[in-house]
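For reference, the chains in residue letters:
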Amino acid sequence: MGTRIASVTRSAAFNVEACVIGAGVVGLAVARALSIAGKEVIVLERDSSIGSGTSSRNSEVIHSGIYYPQNSLKARLCVRGKKLIYEYCKDRAIPHEALGKLIVATNPRQVREDLPQIIKKAVGNGVHDLISLTGEDVNKYHEPQVSCEAAIFSPSTGIMDSHSYMVQLQADAEEHGMILSLNSPVNGAEIHKDGRITITSEGTDLLCNIVVNCAGLHADSILRMLLDSRDRERDMIHQATNQKQALAPIHQYFAKGNYYRLEGQKCPFNHLVYPVPEGGGLGVHATIDLGRNTRFGPDVEWISPFDHRDPDTIDMDVDASRSDSFYDEVRKYWPGLKDGCLKPDYAGIRPKLGHPSNADGLYSVNADFIIHGRKDHGIHGLVSLMGIESPGLTASMAIGEEVLGRLVDDGAMYE
């Protein structure tokens, strides 16, 4: 990918009100919101189907908004998104179920330190339905085979059919005029003096009033194209804000998450079961899908930024040798797991704004979402999203609302 040098006259380009780059769950939710708001929308997707990247390789969990720092985008959009997604799934008959989740503490330190902090964060985020349980309560009323010192029960955590959800988002957007273009990678971008943006895909130029970068694992590459066209610094964005932190990176890092499925042993769980969170993720948890299949994962396998700047080069196979660590982690809360019953299933990639190898960087491994509008990067009509990992699925419809709000603030929705 590279910056396109202007060589096509504006009369030769197709005029488009709004272009969304990426047809994952967030891109589709944004396209739906824009099209319902009355905008002519085209969605460019580099792959041959919708939701084929990060959106198709996750736990399909509807999160409650428990873990995230107060006032963060993750917290606010997860709590709002949970409400929207449950209503939407019910209204559109999208398969889902509020199974509830147990967050289990397996040692006294976690009971003493971690569980109270989780409850404090949840209350600060507006999540008031958590229930504290003793280990005896867990075994008597919820999960007879789970071993823990204590736990928190989240009744509003659930599961859903994420593919059916994405198909419905697409259908809604298309009903309001959205055009989806598959096999359409973005090859270049140009910012014009009048504030409009040309996006080039496979030799076709789209002259846009609005561009929303929802390219997932490739979002930083798309943003670099846009910044290059403005002769910006390649590695940073100048933010016109009053915040002390005035620079933001335009590189994403990658954390691979491996999943194993349970075979040869009956699922013992009635709810989702999560350990206390670990660095970079929520720990190797037990999830149940709508078909009552059980999976464990994801773990956190950091990808070297020196070996893999391009996410397409990452090996997506699950390494069977990692099962030893899975057995160890799962048996901390389910000691009844038998040898030989974990089989490699699939892997997904989280886009991260921080990396352990860059401990002095601006962002931690658990950094917040980035949703940047004009006041952040100075480009009229552009909203760029980066680091959209979990709880991106849950937050997707709320992210759509947020993007519209940024565009209203920019004045781009009135053009």
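Positions within a chain are numbered from 1, following the residues in the order the chain's sequence is written. Local features in this predicted model are restricted to residues of pLDDT 70 or higher, and side-chain atom pairs are both shown and tallied only at a pLDDT of 80 or more, whereas totals for entire chains, interfaces and linings draw on every residue. Computation of side-chain values covers all heavy atoms of the structure but excludes hydrogens and water.

1. With respect to the overall build of the protein
Thought 1: The way it works is that DSSP assigns letters per residue, a run of H or I at least four long becomes a helix, a run of E at least two long becomes a strand, and they are numbered from the N terminus. A count of helical and extended segments in the protein gives nine helices and 22 strands.
Thought 2: C-alpha atoms define the radius of gyration in this analysis, and the globule rule sets the expected value at 2.2 Å times the number of residues to the power 0.38. Radius of gyration (C-alpha) of the protein: 22 Å, near the 22 Å computed for a compact globule of 415 residues.
Thought 3: Principal axes of the C-alpha set define a box for the protein whose edges measure 70 × 45 × 40 Å.
Thought 4: Scored against the burial criterion, the 415 residues of the protein give a buried share of 56%.
Thought 5: In the protein, of all internal contacts separated by at least 6 residues, the share reaching a separation of at least 24 is 73%. Note on classification: 1.4 Å probe, protein chains only; a residue is buried when its accessible area is under 20% of the maximum for its type, exposed when over 50%, partly exposed between these limits. What makes two residues a contact is simply this: any of their non-hydrogen atoms within 4.5 Å.

2. A closer look at the side chain of Gln-170
Thought 1: Here Gln-170 is to be found in helix H5 (residues 162-175).
Thought 2: Classification of Gln-170 by relative accessible area gives buried; the value is 17%.

3. Re the packing of helix H2 (residues 73-91) against helix H9 (residues 392-410)
When two helices pack together, their arrangement is given by the angle between the helix axes and by the axis-to-axis distance.
Thought 1: Every axis corresponds to a line fitted to the C-alpha atoms, with the helix fit spanning only the stretch in contact, and the corresponding angles, defined between N-to-C directions, vary from 0 to 180 degrees. Contact pair H2 / H9: the axes reach a minimum separation of 6 Å and the direction vectors enclose 110 degrees. Considering the angle they form, H2 stands roughly perpendicular to H9. Viewed along their axes, H2 and H9 form a crossing whose handedness is right-handed. Only Leu-393, Thr-394, Ala-395, Ser-396, Met-397, Ala-398, Ile-399, Glu-401, Glu-402 and Arg-406 of H9 make contact with H2, whose side of the interface consists of Leu-73, Arg-76, Leu-77, Cys-78, Arg-80, Gly-81, Lys-82, Leu-84, Ile-85 and Tyr-88.
Thought 2: Taken together, the residues of the contact of H2 with H9 break down into eleven nonpolar, three polar and six charged. Convention used here: angles under 35 degrees read as roughly parallel, angles over 145 as roughly antiparallel, angles from 65 to 115 as roughly perpendicular, and any remaining angle as oblique. The hand of a helix crossing depends on one turn: near helix anticlockwise from the far one by less than a right angle means left-handed, and clockwise means right-handed. In this count, Pro and Cys sit with the nonpolar residues alongside Ala, Val, Leu, Ile, Met, Phe, Trp and Tyr, while Asp, Glu, Lys and Arg are called charged and the others, Gly among them, polar.

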